[in-house]
Amino acid sequence: MADLRSEFIGIKSPNPFWLASAPPTDKEYNVRRAFEAGWGGVVWKTLGAEGPPVVNVNGPRYGAIYGADRRLLGLNNIELITDRPLEVNLREMTMVKRDYPDRALIASIMVPCEEEAWKAILPRVEETGADGIELNFGCPHGMAERGMGSAVGQVPEYIEMVTRWCKQYSNMPVIVKLTPNITDIRKPARAAKAGGADAVSLINTINSITSVDLDDFAPEPTIDGKGTHGGYCGPAVKPIALNMVAEIARDPETAGLPISGIGGVTTWRDAAEFLALGAGNVQVCTAAMTYGFKVVQEMISGLSDYMDRKGFVSTSELVGRAVPNVTDWQYLNLGYVTKAEIKQDDCIKCGRCYAVCEDTSHQAIDMSADRVFTVKDEECVACNLCVDVCPVECITMRKLEPGETDLRTGETVGGYNNWTQHPNNPSATAAE
Amino acid sequence: MSDSQLTQGIVPGRLDPERYCTNFADHTPPLGAQEARIAADRCYFCHDAPCMEACPTSIDVPLFIRQISTGTPEAAAKTIFAQNILGGMCARVCPTETLCEGACVRMESEGEPVEIGALQRFATDTLMARQSHPFTRAAKTGKSVAVVGAGPAGLACAHGLAMRGHDVTIFDARPKPGGLNEYGIASYKAPGGFAQAEVDWLMQIGGISVVANWELGRKGDGDLGDLLADHEAVFLGMGLSGVNALRMEGEDKDGIVPATEFIAELRQADDLAKLPIGRDVVVIGGGMTAVDAAVQSKLLGALNVTLVYRRSRAQMPASLHEQEHALTHGVRIIENAAPVAIHGNGAVREIEFAYTQEGASGLERTDVTFRLPADQVFKAIGQTLGDMPEKIEVKGGKIVVDGAGRAAPRVWAGGDCTHAGEDLTVTAVAQGRDAAVEIHQFLMEG
């Protein structure tokens, strides 16, 4: 069995699966259950400043969207940071860390953008024995309107400033949690690095309205007839998160900056994908909130099984392995040609490939009177839509070998040729 | 002590009273909303869907299932009723395993079809529970049509015509409308008076009146000429009123009756505990009527029920699903055997069969015979057309119709009484529905 032990910015944990700062990590009771279930670490639910804690709504805090069989695909929340007194959280963190010294315990913090506020809370957090801190610059609702959370995360200068304070007033490793509610994720990541951050974690939740009550005409979750945007998470946001992680991993200015990957991690495979795109570990929330803490056991066995199959001894062999293959569109090989191929023995004749190709793509699938579906190579642009909609995975893309003729263009498949070299590109540079 | 399963002869009350309720309850309980949602999620929304193709009424199955999955079962019902106004009954009695569900692409991938029949019932029950009718009658045309037979074909035709503004009078030989839905199918397939409820619901379109206890050609009722004199057009959908005889000596002995009679009597019984049934019941035949009679005999408390078919099980008109239904209810099926003699003094006591085999000249009897004890024998070897008026061409015991369902000038026909019938409710509905379109066109052009 592969060794899943993980070391992230010097913080050791028995596996790379941490629970993200969120409702599952709000209390000692939950965190102990999480550790008993096998989680490698937790980021404790975000602490606020000393004094009366924030209050939450007393109506529904979550909204959801579903796939088939009411499988939860996306979750949205309007819950704020911890609504329990700071001292209670700090006391519980101390006790949990004492009892689980091998697990990672990170404190998430969100206090006003004032030096004194950070200076006040950091020593108290350090006293708990926490392994590190995560700066919550991400929450998009409730706190942002008070100048915290994503309101900070959207201003790179603030990120850099606060990060610097944290490095100045504590010895703990600092993780900066980024909001995706911006146009270019590289900017806040660069700011965090400039401020001295040890790592970034992303993504926090995405501004969202999950649904509208069509009788009351109010966004859901609805509180007394009104609704507000919440933070979207769960399997549906994974593609957005993967891209943002990759953007930071391959940005020359932030390359090598450790990343804790967050966003829709539900299975071992999701986690492995984040690691391959450069995340040093992953944080999970919605999967636990959908199925309970036990899901980590599948993540552990699945990742271990995969690593064994690949011959990876440590997760570090996987981390970043796909980053060199993330490129810009202009460098994609236009000389690479594939054609859809339907395995007739496996085809169940549902005709979905035909319907979508005929109606919405390139009319490249033929349907016979007895429902045999075949690809017309002379029309197929290899868009992959048929592969995507086939319910039984009987369609694959066959790569044309150099020398073969692409029946659609009549051209012979050749070598590498990208847009920067393409004759149709006015600013093309001649290929060698 | 009352009678038990062991009592010899044909007697009522073989079972504890409460057993009748459980035995004749809905044999396929309806889907709940949650079950329906999950079942609907399995539909792939196929292109030019094979299930739709397999449905004799061409119901847009993928569309109605998608409507269920998006929380609009009444819209789903309207999709169904637009093609098949008896979609409620068809959801209960269609041999879906050989029609839509048999064609479902999930059969190919996993051997378990989308539960189309159950979903259709979910949708139609939802709309019908409100007793609201989804269609509106067009302005009255002043034309009138006579429909003979208030079964699936006649009702579908009448509805189609009434909806287009014509006045329709349905004439039926039985006291109640519904035809085989009311008198001919197993009780547990449509319990709770569904057949009558469906007729009442269908009639809400307006413009349809029913004349009961009226038989075509019977003295005092009327003949085809009378109908053509009073109406612009006539639709014949009277089904098959007669039954084939065994043509054997002793067929008139007590205890030997057509299976259709037994089923009709059972369907009309107020108290099943009062319905007599034999201890040793033999059903001769291999169609759905034979299965319905055999299973219901068992449910009434018959000790031994044997279904004997002259050919192999693979050749039985009853589907494999129906056969399994019979077997799981304790019916014994004997294949490749034909009756050769009836024994008994006044009433039947035993029936003798010879095994059969396929020979050069078709099915042949062998010399190997056996006897089954029988105090009641149900004949289910096919039904026959009643006497037809002269101007209606009959061939092979069925009314001949052209491609447009026309049997004679101003006369259309559909359902089991025609050579186009398939002994299926859904096919009868399709033919009645299509005849209504033809008749409407004729009336509006003429």
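Residues numbered from 1 in each chain as written. Chains lettered and ligands numbered in written order. Predicted model: local features only at pLDDT ≥ 70, side-chain atom pairs only at ≥ 80, totals over all residues. Heavy atoms only, no water.

Where an unreviewed UniProt entry is consulted, chain B appears under the name Dihydropyrimidine dehydrogenase, with the organism given as Thioclava dalianensis.

Defined as follows: UniProt positions are given in the numbering used here, feature names are shortened, and annotations may be inferred rather than shown by experiment.
Under an unreviewed UniProt entry, the name given to chain A is dihydrouracil dehydrogenase (NAD(+)), and the organism recorded is Thioclava dalianensis. Its UniProt record gives chain A a comment under Subunit (unreviewed entry), which states: "Heterotetramer of 2 PreA and 2 PreT subunits."

1. Notes on the sheet that holds strand S9 (residues 332–334) of chain B
Residues and elements named next belong to chain B. The condition that has to hold: Strands are labelled as partners when DSSP assigns at least two bridges between them. In this text, helices come from DSSP runs of H or I with a minimum length of four residues, and strands from runs of E with a minimum of two, each type numbered from the N-terminal end. For helices, the axis comes from a line fit to the C-alpha atoms of the stretch in contact; other axes are also lines fit to C-alpha atoms, and the angle between any two N-to-C directions lies between 0 and 180 degrees. Contacts were defined at the residue level, with two residues in contact if any of their heavy atoms lie within 4.5 Å.
Pairing is parallel across the open sheet formed by five strands, whose spatial order is S6-S13-S7-S8-S9. For this open sheet the edge positions go to strand S6 (256–258) and S9, each flanked by a neighbour on one side alone. Direction aside, neighbouring strands of the sheet carry axes that sit 20° apart on average. Sheet topology note: the strand S7 (residues 280–284)/strand S13 (residues 376–379) ladder contains four bridges and is parallel. Among the inter-strand pairings, Val282 is bridged to a residue of S13, identified as Val377. Running over the sheet, helix H14 (residues 259–268) touches S6 and S13 and is turned about 75° from S6.

2. A word on the packing of helix H8 (residues 268–276) of chain A against helix H10 (residues 295–310) of chain A
A pair of packed helices is characterised by two quantities: the angle between their axes and the separation of those axes. All names here are of chain A. Cut-off, in case you're wondering: Relative orientations are named as follows: roughly parallel for angles under 35 degrees, roughly antiparallel for angles over 145 degrees, roughly perpendicular for angles from 65 to 115 degrees, and oblique for any other angle. Note on convention: near helix rotated counterclockwise from far helix by under a right angle means a left-handed crossing. Clockwise means right-handed. Residue polarity is assigned by list, with Asp, Glu, Lys and Arg as charged and Ala, Val, Leu, Ile, Met, Phe, Trp, Tyr, Cys and Pro as nonpolar; anything else, Gly included, falls into the polar class.
The interhelical angle for the contact between H8 and H10, taken along N-to-C directions, is 60°, at an axis separation of 8 Å. One way to sum up the angle between H8 and H10 is to call them oblique. When you trace H8 past H10, the crossing you get is right-handed. Between H8, through Trp268, Ala272 and Leu275, and H10, the contact on the second element is made entirely by Glu298, Met299, Gly302, Leu303, Tyr306 and Arg309. When the residues that make up the contact of H8 with H10 are grouped by side-chain class, the tally is six nonpolar, one polar and two charged.

3. Some words on the interface of chain B and chain A
Convention followed: Buried area counts how much accessible surface, traced with a 1.4 Å probe, disappears from two parts once they are put together, with both parts' losses summed. Put simply, a salt bridge is a Lys or Arg side-chain nitrogen that is within 4 Å of an Asp or Glu carboxyl oxygen. We call two N or O atoms a polar contact when they sit within 3.5 Å, provided that within protein one can donate a hydrogen and the other can accept it, with sequence-adjacent residues counted only if both atoms are side-chain atoms.
On the side of chain A, 15 residues touch chain B, which itself brings 12 residues to the contact. Of the roughly 1100 Å² buried where chain B meets chain A, counting both sides, 61% is carbon and sulfur surface. Contact with chain A buries area across many residues of chain B, yet Asp41(B), Tyr44(B) and His47(B) alone supply 49% of it, more than any other trio. Remark: the boundary between chain B and chain A carries zero salt bridges. Between the two partners, chain B and chain A, sit five residue pairs in polar contact (both at pLDDT 80 or more). For the side of chain B that touches chain A, the elements supplying multiple residues, two or more each, are helix H2 (33–41) and helix H8 (105–109) of chain B. In terms of residue class, the side of chain B that touches chain A is built from six nonpolar, two polar and four charged.

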